[in-house]
Structure formats: structure tokens, C-alpha cells
Amino acid sequence: MSAPAERLVLASKSAGRRAMLEGAGVPFSVEVADVDEAAVKAAHDPADAAGLAEELARVKALAVSRRDPEAWVLGADQTLAFEGGLVSKAGSAAEARARLWSMRGRTHHLHSGAALARNGQVVWSGFDTAAMRVRDFSGAFLDAYLAAEGDALLACVGSYRLEGMGAQLFETVDGDYFTVLGMPLWPVLAELRRAGVLTT
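Below, the structure is looked at part by part. Predicted model, so just to flag it, every value in this text is computed and none were measured.

1. So, the nonpolar core
Reasoning step 1: Judged by nonpolar contacts, the single largest core of 21 residues is most densely connected at Leu 80, Leu 100, Met 132, Tyr 145, Tyr 160 and Leu 169.
Reasoning step 2: Mapped by element, the contributors of at least two residues to this core are β3 (72-82), α4 (93-103), β6 (121-134) and α5 (139-149).
Reasoning step 3: Top element by residues in this core is α5. It accounts for four residues.
Reasoning step 4: If we skip the residues at most four places from it in the chain, Leu 80 touches Gly 85, Leu 86, Val 87, Met 103, His 108, His 109, Leu 110, Val 157, Gly 158 and Tyr 160.
Reasoning step 5: Listed in part, the 19 residues of the second largest apolar core include Leu 74, Leu 192, Ala 195 and Leu 198.

2. Quick word on the packing of α4 against α5
Reasoning step 1: Remark: α4 packs on α5, axes separated minimally by 11 Å, with the N-to-C direction vectors making an angle of 140°. On the basis of their axis angle, the class for α4 and α5 is oblique. Judged by the twist between their axes, the crossing of α4 over α5 is right-handed. Only Gly 139, Leu 142, Asp 143, Tyr 145 and Leu 146 of α5 make contact with α4, whose side of the interface consists of Arg 97, Leu 100 and Trp 101.
Reasoning step 2: Split into classes, the residues belonging to the contact of α4 with α5 amount to five nonpolar, one polar and two charged.

3. So, the side chain of Ser 65
Reasoning step 1: Of note, Ser 65 is situated in helix α3 (residues 49-67).
Reasoning step 2: In this structure, Ser 65 is in contact with Val 73, Ala 117, Arg 118, Asn 119, Gly 120 and Gln 121, ignoring residues within four places of it in sequence.

About the criteria used
- Residues numbered from 1 in each chain as written.
- Predicted model: local features only at pLDDT ≥ 70, side-chain atom pairs only at ≥ 80, totals over all residues.
- Heavy atoms only, no water.
- Core = buried A, V, L, I, M, F, W, Y, C linked by side-chain atoms within 4.5 Å.
- Buried < 20%, exposed > 50% of the residue type's maximum accessible area, 1.4 Å probe, protein only.
- Helix = DSSP H or I, 4+ residues; strand = E, 2+ residues; numbered from the N terminus.
- Contact = heavy atoms within 4.5 Å.
- Axes fitted to C-alpha atoms, helices over the stretch in contact; angles between N-to-C directions.
- Parallel < 35°, antiparallel > 145°, perpendicular 65-115°, else oblique.
- Left-handed = near helix turned anticlockwise from the far one by under 90°.
- Nonpolar A, V, L, I, M, F, W, Y, C, P; charged D, E, K, R; others polar.

Below, the structure is given as C-alpha cells:
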């Protein structure tokens with residue numbers, strides 16, 4: 001069986017997204033997209049967190065596709081909506097602590113968007129959503145959690161990694177595991193098969 005001839009580039013510096021593709025046996029290279037995320041967010045309706053995740057994925061895919069038009073380029077991004085507002089990555093351990101404490105006993109939503117581009121055009125994009133119910137944890141647990149996870153929390157929009165100790169923060173998760181990790185993997189794999197990057 002011959003390998004697919006099409007080439008995939010991941011337009012993301014996320015270690016989690018790289019691990020997802022590697023774990024699924026997807027051949028790819030990485031080229032980080034240089035985009036002004038703040039400008040994209042400022043131009044987008046703040047009430048549409050899901051649409052923003054998809055738009056950021058599209059912008060990233062396009063940025064790399066314009067530099068490498070012959071490749072299939074996969075962009076991905078994630079947003080977090082909590083009590084009607086968008087939540088960004090915490091800038092410090094103190095900010096992460098305050099945010100997690102405010103989420104106790106409440107539900108927030110993670111929206112993961114993805115887009116596939118070629119020849120400077122988006123050929124597919126979509127998003128998926130997971131509802132995350134945080135348990136009513138104690139201050140002692142939160143202190144231990146912050147100490148164990150350290151600066152890794154500042155790289156995650158929700159200040160947690162579900163694939164690590166962050167799993168202990170939750171009462172329930174309603175949604176796909178890969179969506180929580182930052183990319184709607186099942187539809188992405190379907191599109192990669194359609195594009196010829198993966199064997200059907």
C-alpha cells in the first residue's frame with residue numbers, strides 16, 4: 001500500500017495538538033502562524049465564542065497556506081466562555097488561582113475550532129463544544145493543584161490540563177475528549193482523508 005502523496009502542515013505551536021496528530025498516526029510538519037490574535041478577537045462579536053475559535057483557526061491556516069500554497073494547512077484554536085464572557089490565558093499563578101476559584105460549582109464551555117486551507121483558500125472549517133462542570137473543590141486542593149502544575153497552567157486557556165491533574169477539577173464533562181484538548185479531531189481526520197493526506 002503506497003502512502004498518500006499529500007503533505008500536511010500544522011499551523012500551531014500547541015504541544016497538545018501535535019500530540020493528538022502524532023497519536024493518531026498523522027504525518028505532518030509544523031509551521032507556526034504569525035497572526036495578530038488580539039486584532040481578530042477585537043473584530044469579532046465577543047458573544048460568539050464558538051465562532052471566534054473557528055475564525056482564529058481559519059486565520060492561522062490561511063497565514064501559513066499563503067506561504068506554502070502546495071501543502072494542506074491545518075489551523076486550530078480554542079476559546080473558553082464563562083458566564084457570558086470570553087476567558088483568556090492567565091498571566092500569573094495568582095490570576096489562575098482566582099479564575100479557578102471563581103469557576104467552582106459552575107459550568108463553562110470550551111469551543112475548539114479547526115480549519116483546513118490550500119492555495120491560500122480555506123476549504124473546510126468547523127468547531128465543537130464541550131461543557132465543563134467544575135466541582136466544588138477545597139482551597140487545600142487548589143493550593144496543591146497549583147503547586148503541582150506550576151507554570152504549565154499559564155499555557156492553557158482554562159488553567160488546567162484534562163490529560164493531567166486537571167481532571168480532578170471536574171464533576172462532569174459533556175463533550176468530546178479531543179475537543180477539550182484543543183481540536184475537534186474526528187472531523188479533522190475525516191477532512192484529511194477527503195484531502196488525500198490520510199488513506200481512506
